[in-house]
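Fold and geometry: a report
Here is what each chain is made of, one letter per residue.
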Amino acid sequence: MLRSKRLLTITPRNFKAIGLPNEDKLFPAIPLHNPSQLVSTRFLDFYQLGSKEAIEKERARLKDEMSRGYFADIKEMNEHGGKLAVANKIIIPAIAALKFPTLEVNFPDGSICKLPITSQGNDAKTSTENIPKVSILCLSFRASSQNMIESWSLPFLKTFGRSSDIKLYEVSFIDSWLLTRSPIKKLLLKVMKKSPLGEKPDVLQRQTVYSFGDHYYLRKELRILNLLTGYIFLVDKLGRIRWQGSGLATENELSSLLFCTSMLMDEK
């Protein structure tokens with residue numbers, strides 16, 4: 001059995017914790033706002049044990065994850081406050097933009113969607129009218145990054161709250177082996193559904209979704225190393241990343257995000 005663990009014991013605000021049987025002996029309380037902060041435990045499938053390629057791939061992954069741990073993330077947070085790099089000042093040209101990897105997420109009502117929603121490779125159920133010109137994807141791997149995410153999403157909503165051509169998703173990643181089990185997963189989603197954000201009924205809404213399971217290869221594609229900070233991606237209708245930022249938003253970075261969004265809205 002191979003396993004990798006990342007811990008963070010910061011209690012998220014706004015919600016009370018619910019407990020599991022024998023919680024004091026077996027597991028910590030499950031935080032409702034962002035359960036992704038719990039321990040991540042991953043198993044190598046038994047059928048892969050006989051595959052040399054799978055074992056070598058897993059060995060390389062384990063070496064990569066061991067080269068950077070929780071304390072490296074903490075050190076960066078202390079040094080930069082989660083601001084790992086300054087956000088883009090201008091929009092990334094379409095010809096140089098990378099595609100955002102396909103990400104399956106769960107809504108609190110139990111429905112499943114693949115993000116980003118684009119004009120290419122969508123399900124037949126997705127009509128062209130529901131494909132946004134612009135998507136904002138806010139990624140949170142630990143509860144400590146929630147205030148960072150909101151420093152971007154709330155001002156964005158104030159500016160584009162009446163737009164029907166934009167989608168804003170706040171994605172919480174839950175990689176705990178226990179919480180990805182079907183009964184617990186359904187319970188969590190049911191509880192999340194009962195926890196409204198109390199926002200104004202604008203056209204554009206913050207849609208909180210959850211990604212269950214391993215996210216290592218997604219992070220590799222997006223070059224995400226630190227799990228304690230928040231990440232913001234501005235994605236066009238073809239699924240290309242046209243702008244990105246991290247950490248707490250600054251006034252200049254917010255201006256850049258709003259300007260680049262307006263530019264994407266005018267693109268044909």
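Scroll up to find the structure this text is about.
Structure report, in brief. (Residues numbered from 1 in each chain as written. Predicted model: local features only at pLDDT ≥ 70, side-chain atom pairs only at ≥ 80, totals over all residues. Heavy atoms only, no water.)

Section: the overall build of the protein
The secondary structure content of the protein amounts to six helices and seven strands. In sequence order, the protein lays out its α and β elements as α-α-β-β-β-α-β-α-β-α-β-β-α. Considering only contacts in the protein between residues 6 or more positions apart, those separated by 24 or more positions represent 76%. When the accessible surface of the protein is totalled, it reaches about 15000 Å², and 56% of it is carbon and sulfur. (Helix = DSSP H or I, 4+ residues; strand = E, 2+ residues; numbered from the N terminus. Contact = heavy atoms within 4.5 Å. Areas by Shrake-Rupley, 256 points an atom, 1.4 Å probe, with all protein chains shown as cover.)

A word on the packing of helix H3 (residues 146-160) against helix H6 (residues 251-266)
Each pair of packed helices can be summarised by the angle the axes make with each other and by the distance between the axes. Here H3 crosses H6 at 45°, and the two axes come no closer than 11 Å. In terms of axis orientation, H3 runs oblique to H6. As H3 packs across H6, the resulting crossing turns out to be right-handed. Listed contacts from H6 to Ser 151, Trp 152, Pro 155, Phe 156, Thr 159 and Phe 160 of H3 are Glu 253, Leu 254, Leu 257, Leu 258, Thr 261 and Ser 262. Along the lines of polarity and charge, the residues of the contact of H3 with H6 split into seven nonpolar, four polar and one charged. (Axes fitted to C-alpha atoms, helices over the stretch in contact; angles between N-to-C directions. Parallel < 35°, antiparallel > 145°, perpendicular 65-115°, else oblique. Left-handed = near helix turned anticlockwise from the far one by under 90°. Nonpolar A, V, L, I, M, F, W, Y, C, P; charged D, E, K, R; others polar.)

Some remarks on the nonpolar core
Nonpolar side chains in soluble globular proteins generally cluster together in the buried interior. Counting residues in each nonpolar core, the largest one holds 23 residues, and the members touching the most others are Leu 115, Leu 139, Val 171 and Phe 233. Contributions of two or more residues to this core are made by strand S1 (103-106), strand S2 (112-115), strand S3 (134-140), strand S4 (166-174), helix H5 (216-222) and strand S6 (230-236). The residues touching Phe 233, leaving out its near neighbours within four places in the chain, are Phe 100, Ser 135, Ile 136, Leu 137, Leu 139, Leu 222, Ile 224, Ile 241, Trp 243 and Gln 244. Among the nonpolar cores identified, the runner-up in size contains 21 residues, and Ile 91, Phe 160, Ile 232 and Leu 254 belong to it. (Core = buried A, V, L, I, M, F, W, Y, C linked by side-chain atoms within 4.5 Å. Buried < 20%, exposed > 50% of the residue type's maximum accessible area, 1.4 Å probe, protein only.)

Observations concerning the packing of aromatic side chains
Within this structure, the stated rule accounts for six aromatic pairs. Both rings, one in Phe 100 and one in Phe 233, keep their centres 5.5 Å apart while their planes meet at 75°; by these two values the pair is edge-to-face. Here the residue Phe 100 occupies a position in the loop between helix H2 (70-80) and S1, and Phe 233 occupies one in strand S6, the gap between them amounting to 133 residues. The buried category is assigned to Phe 100, whose relative accessible area is 5%. Here the aromatic rings of Phe 156 and Phe 160 are separated by 4.9 Å at their centres, their planes lie at 35°, and the arrangement is tilted. In this pair, Phe 156 and Phe 160 both sit in helix H3, four residues apart, roughly one turn of the helix. Here Phe 156 falls in the buried class, since its relative accessible area comes to 1%. Under the relative-accessibility criterion, Phe 160 is labelled buried at 11%. (Phe/Tyr/Trp six-rings, centres within 6.5 Å; stacked < 30°, edge-to-face > 60°.)

Some details on the environment of Glu 104
With respect to the element layout, Glu 104 can be found in strand S1. Relative accessible area serves as the criterion here: at 45%, Glu 104 is assigned to the partly exposed category. For the pair Glu 104 and Val 209, spaced 105 residues apart in the sequence, the C-alpha separation amounts to 9.6 Å. If sequence neighbours within four positions are ignored, Glu 104 has contacts with Ile 112, Cys 113, Lys 114 and Ser 211.

Points about the side chain of Glu 170
Within the element layout of this structure, Glu 170 appears in strand S4. Polar side-chain contacts of Glu 170 include one of 2.9 Å to the side chain of Ser 153. Not counting chain neighbours up to four residues away, the residues in contact with Glu 170 comprise Cys 138, Gln 146, Ile 149, Ser 153, Arg 206, Gln 207, Thr 208 and Val 209. (Polar contact = N/O pair within 3.5 Å; in protein donor to acceptor, adjacent residues only side chain to side chain.)

Concerning unusual backbone geometry
Residue Leu 115 is joined to Pro 116 through a cis peptide bond whose omega torsion reads -5°. You can see Pro 116 is positioned in the loop between S2 and S3.

Observations concerning the pattern of salt bridges
For the coordinates displayed, the defined rule picks out seven salt bridges. For Asp 175, the salt bridge is made with Arg 142, and the minimal N-O distance between the two is 3.8 Å. Here Asp 175 is found in the loop between S4 and helix H4 (182-193), whereas its partner Arg 142 is found in the loop between S3 and H3, with 33 residues between them in sequence. Residue Glu 170 pairs with Arg 206 through a salt bridge whose shortest N-O separation is 2.9 Å. With Glu 170 in strand S4 and Arg 206 in strand S5 (residues 206-212), this residue pair connects regions lying 36 residues apart in the sequence. Both residues of the pair, Glu 170 and Arg 206, belong to the buried class. Each of Asp 236, Arg 240, Arg 242 and Glu 267 takes part in one network of salt bridges that share partners. (Salt bridge = Lys/Arg side-chain N within 4 Å of Asp/Glu carboxyl O.)

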